[in-house]
Structures are given as C-alpha cells and as structure tokens.
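Next come the chains, spelled out residue by residue.
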Amino acid sequence: MRTHYCADINEQHIGQTVTVAGWVASRRDHGGVIFIDLRDKDEVVQLVCDPTDNVMAHKIAEEVRDQFVLLATGSIRARGEGLENPNLKTGKVEMVVDSLTIENRSKPMPFDLGDEKVNEEIRLKYRYLELRSQKSYDIFKLRSKATIATRNSLDAMDFLEVETPILTKSTPEGARDYLVPSRVHGGEFYALPQSPQLFKQLLMVSGFDRYFQIAKCFRDEDLRADRQPEFTQIDVEMSFCDQEDVIRVAEKLINDIFTACGFTIPTSFNRITHTEAMEKYGSDKPDMRYDLAMVDVIDIFERCDNEIFSGIAKTPKKNRIKALKVPQGDTIFSKRQMKGFEEYVRKFGAAGLGYFQMKEDGLKGPLTKFFSEDDIQAIIERCELEVGDAVFFGAGDKKLVLDYMGRFRIYLAELMDIIPQDTFEFLWVVDFPMFEVEDGRVKALHHPFTQPKTSENGTIDYEDIEEIESIAYDIVLNGTELGGGSIRIHKEAMQAEIFKLLGISEEEAQEKFGFLLDALKFGAPPHGGFAMGLDRMIMLMTGAQSIREVIAFPKTQRAQCMLTQAPSPVDAEQLKELSLRLRQTQTV
C-alpha cells in the first residue's frame, strides 16, 4: 500500500510523489492549513493539507483525529526557512497531500502515549497501545538485533540450535514449577521448564557437542523488577571443555551481541572469586561501577576495650567486623545522618552501626575511646583514611554482616549519586560454594548437577560442607546477575555422591532424575555451559527501569496479564476432563 516508510524520506525525494501509511501522532489546524504528523514504525513525517492544493484531501483532514490510521499520497517539498525540525530524520521535508484515506478511526486514547505517570495496570491492560510509542518500538528493535546476533555468533562458533520440550517432568530447581494437568493421564501433571538444564546435558551425551537455544522458561516465584513468571534465556552447552573454554565462548557471544546493538565493550571481563565478592562487597553480584569496598578489621577490634566487639572478634570464622570507608563522607554527611544510617541497617537485622570521622587532628567518634593509639593508627592505615573520610563498621554473624553491609554499600552509592550511568561493567564471579545450609537443610547453591572441586584423587574433602567449592561461574553486569553456568557432573558415582550430601535418597534420585543417571552410564563426556537472561540483558542495554518494559506482553508483579485477564477460571467441563476438582477455600 505504501511506497516508502517515513524514515526513508529525505531531501533526495523533493519533487517526487510518494505514498506513506501510519497513525496520526498529532494534528494542527493553522488558519485553514492542516498539519498532520504521521508516524509509522519508527519515524514521523509531516503532512500538509492545504485547501488551495487539494480541496478533497483537506476536507478529509478536517475529520482526522489523533491515532487515526491514514494512507496518504503526495509530493515531497522542502520545509520553509526556519521551519526545519532537527529532531526528526524527515525534519527538512514535508509532504503536500494529494490524496488522503482514513483507513480506520480511533476512539479517544485511554492515556497519552509515553506518559509514564499512568498507572501500570492501565498501561498493561492496553499494552498494544503502549507498544505503539517510539520508545517501545526502539526497545524491541534492539531486542530483535540481539537475538539475531545471538544466533549468528553461536552459529559461527559451530553451535547447533535445538529445541527442548516445554511439557516436561517436575524437578526441584529452587523455585516452584508451573504445573499442567494431563487429560490423557488423569491425576498426573507435566511441568513447564524452569530451564532446559537436563535436556541440554542429555544432548551432550548424544554427542551433539555444541548446543544452544533461545529458550522460554517458567518459574512460579515472587516477582521483582527484574523477574517475570515466563522469561527468555540464551542457553548454551558444550562438550570436552573446561571453565576457561566456556568463559571464552560467553565473552565472545556477549561482545557480538553488544556490538550488533551499537555498544562497545571489552573483549574480556574481570574476575573475582565468590569469597572475595562477599567479603569485599557483601554480594555475589557486586556492582563494580564504583568502589566502596569493605575491609576486614576483626583482628584490630579483638584488642579493643568494648566487650561486645571483642567478644564478636574472638570467633573470626563465624563472625565478621567490616569497615566501609566513604571518601569525604565526613563532609558529605551530617552527624545526624550518620546516626540515622543505623536505622537503615537495622531493617536487615543489624544490631547497630558504628562510625569514625577522619578529622585534621585524627580519628574521632564515639568508639575511639575503646581503642589504643596504636590500634587507632592501625584502623587509619587498614582503611587508608584521609582527612574528610568517614568509615562505618558492622559487626556480628558473618552472613548477617555481609548482607546488611552489602546493602548499605549500595544505599550509600545511590544516596551520593556516584553510580556512573551509560557504562557497562562486566564481572565474572567464580568458585561459588557448592552448598548452602538453611534451617539445618543442605541445598545446592546453583543446582545439584554442578561439578564440585575435588582433590587430586577425585574425592570431595571437607570439614564444613559450606566450604566445598564448585566449578561454577556467574556473569554480572552493573550489579545484576546476567547469567551463569558451571561445569557439570558427568560421572554417575559423583552425581550419586552429591545427591547423598543433599539428603536425596537413592529411591528419590531414581524417581526424579533416573533418566539422567541412566544417561551418565553410557559414556557421558565432560561438559559445561551457561545461560543468560535475554530480558535482563535488554533491560540493562536500554536503561529500562523494569523487565516488563522489554517483554512485549508481560505480567504484573502479581503474575497477572491485565490484557487478557489471565489467569482466569475455566468451566466445570474442562476441569472434569482433566480429573480436577476445585476445593472451596474460606477467607477470613
């Protein structure tokens, strides 16, 4: 129907007759001459409807309102002197309309496009209208480039794209499964995959060597700004590899994606161990765009005269005393603000928060009276304090201190507005613990198919189960976990040992993972891989505030689709076919 997209029209078309189509972005009547800004997928062109040029086109233009769908034919001319619009690709020209057709009319819009103050539920109810904006189109244009670059990059590295099942078996992976009842097998259920993990490992047993998939995954978990119940991940697995091989592939892939999307990033990324990340930044996904690293001072506090601090310091394996230096913090924050920070960390379980101020005449603060001159000097040197600095102290249980001091670090950075924007800081976090213990129960930190680090004779030696390290790695971008992976267990005996440490009996292991254990008996090669969240990557690329902005039809934080009103009830006949019956629940 059209001869040109709006964005293609420029000074070279002056004098030519073209046809364009799109939606009315705005309409202005200037003393009889009507100007219409017509927008298609990614640009606006100005239409001029002058009754002296074409009476019929002008008459139709009088009926036009915002968001009407138009087809327009006319000649291109240069805009008058001083009337050019430098913000548009078409800003130097305009179309004098010869023929105008209203292809469809529009009711008044429920909100103005681009108005971010509109209630999110309203915007999601009319998501197809929100997507009509230039901002939304640009996001999904970038997302399309990223997915195409993903396929091109991995294809060039000899990876084979393979689709794995959506209807599969429920397996514990840390979040709740979405269950799908089977009509054929009454009372039994499929699960939607939280990831293609087991299937991609089976493909390695099949000898496929290098696999990838842009996979839909589903997790019934509490939602946050960077989570959705259904999401897309770039899933990769390869055989006969070690951690270095996987990291090289991941860095090449990420670089190809960002380059295709118009960004320049390093070809290789910095690395720190999980232990270093936790001890210095209180997070396994630290934002490295700013410093504010924590320093361990538990040995100095052990010598102080304060019984609370010295008591905590007597068990350095179980406890931590961390110092967080804020350069020029004494000049930035008032004493009242510093005392107020204690209320912030108390929200995360802290018993308190101490602080010192570095003055011209030395270290000052309510805690200095408990330290000798030598130990005060030791704190100054350990924290590398200069005049004007402030230093904050957290003390107590190791996990608790690292958690609230890590949160406090982010809070301070945001408060001081020191986080650089428009920059990408990638980081590999490696050597993750294999296990964590919660409420006395041993859990796999990544998943139970991760290869633990072993001794030279291939055994797992440990005194504390939480100190066992795994060959696992996460890729972090600007403080957000972009993805992660591991080298997998490829020997049945090792997999059985890990199940045993997790408290999974042989019977339960066979019931839930029997197909994988059987496959490991048939010559499974060494293999490993990674997965990256495509939605999160696009969110970070575009600077979007929520992952919902980069998913075409997202769910709300309550996992509802406002557009289709899903989830919704089904009729009794459907339930009967699925051998299901709803139980009435009483509300209090």
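Our subject is the structure that appears above.
Below or above, wherever it landed, is the structure these notes cover. (Residues numbered from 1 in each chain as written. Predicted model: local features only at pLDDT ≥ 70, side-chain atom pairs only at ≥ 80, totals over all residues. Heavy atoms only, no water.)

Below, the discussion takes up the side chain of T90. You can see T90 is positioned in the loop between strand 4 (69-78) and strand 5 (93-104). A polar atom in the side chain of T90 sits 2.4 Å from the backbone oxygen of V44. Setting aside residues up to four positions removed in sequence, T90 forms contacts with C6, I9, E43, V44, V45 and R79. (Helix = DSSP H or I, 4+ residues; strand = E, 2+ residues; numbered from the N terminus. Polar contact = N/O pair within 3.5 Å; in protein donor to acceptor, adjacent residues only side chain to side chain. Contact = heavy atoms within 4.5 Å.)

Another point: the side chain of Q197. Within the element layout of this structure, Q197 appears in helix 5 (residues 197-205). With a relative accessible area of 6%, Q197 lands in the buried category. Separated by 3.5 Å, the side chains of Q197 and H447 make a polar contact. Beyond its immediate stretch of four places on either side in the chain, Q197 contacts H447, F449 and R488. (Buried < 20%, exposed > 50% of the residue type's maximum accessible area, 1.4 Å probe, protein only.)

Moving on to the nonpolar core. L154, I234, F258, F426, F530 and M532 are the most contacted members of the largest nonpolar core, which totals 45 residues. In terms of residue count, helix 6 (residues 243-260) provides more of this core than any other element does, 8 residues in total. With residues up to four places along the chain from it excluded, the contact list for F426 reads I254, F258, I265, F269, N270, I475, V476, L477 and L482. (Core = buried A, V, L, I, M, F, W, Y, C linked by side-chain atoms within 4.5 Å.)

Before going further, it helps to spend a moment on the layout of surface pockets. What the second largest pocket holds in volume is close to 500 Å³. Looking at the second largest pocket, it is lined by 21 residues, and the ones nearest its centre are Y178, L179, A566, P567 and S568. Within the lining of the second largest pocket, the residues separate by chemical class into 16 nonpolar, 1 polar and 4 charged. (1 Å grid on protein atoms, 1.4 Å probe; cavity = no way out; pocket = protein on both sides within 12 Å on 5 of 7 lines; lining within 4 Å. Points joined across faces, edges and corners; volume = space filled by probe spheres on them. Nonpolar A, V, L, I, M, F, W, Y, C, P; charged D, E, K, R; others polar.)

Moving on, we come to helix 4 (residues 134-156). For helix 4, which comprises 23 residues, the first-to-last C-alpha distance of 33 Å matches the rise-based estimate of 33 Å (1.5 Å per residue) to within 8%. Of the residues flanking the end of helix 4, it is D158, one or two places downstream, whose phi is positive at about 65 degrees. (Expected span 1.5 Å × (residues − 1).)

As a further point, take empty space enclosed by the protein. In this approach, a probe sized like a water molecule rolls over the atoms, and the result shows the empty space that is left. This structure, assessed with the given rule, holds 1 cavity of 30 Å³ or more. For the largest cavity, the calculated volume is near 30 Å³. What lines the largest cavity is simply L124, R127, F553, P554, C561 and L563. Looking at the lining of the largest cavity residue by residue, the class counts come to 5 nonpolar, no polar and 1 charged.

Moving on, we come to the pattern of salt bridges. Tallying each qualifying case throughout the model produces 43 salt bridges. The residue K521 makes a salt bridge to D518 at a minimum N-O spacing of 3.5 Å. Through salt bridges that share partners, K200, D235, E237 and R488 make up one connected network. (Salt bridge = Lys/Arg side-chain N within 4 Å of Asp/Glu carboxyl O.)

This part takes up the sheet that holds strand 14 (residues 354-359). Pairing is antiparallel in the open sheet, where 5 strands are placed in the order 12-13-16-14-15. Every interior strand has two partners, whereas the edge strands, strand 12 (294-296) and strand 15 (362-364), have only one. Across the sheet, the mean angle from the axis of one strand to that of its neighbour is 30 degrees, orientation sign disregarded. Relative to strand 15, strand 14 runs antiparallel, the two sharing 3 bridges. The residue of strand 15 that forms the bridge with Q357 is K364. (Pairing = 2+ DSSP bridges. Axes fitted to C-alpha atoms, helices over the stretch in contact; angles between N-to-C directions.)

Here we have 8 strands laid out as an open sheet, ordered 6-9-10-22-21-20-17-11, and mixed in their pairing. Only two strands of the sheet have a single partner each, and these edge strands are strand 6 (160-161) and strand 11 (270-273). In this structure, strand 21 (residues 480-487) lies alongside strand 22 (residues 527-533), joined through 5 bridges in antiparallel fashion. The partner of I487 across the bridge, within strand 22, is G528. Helix 7 (residues 274-281) contacts strand 11 and strand 17 (426-430) of the sheet and is inclined by roughly 85 degrees relative to strand 11.

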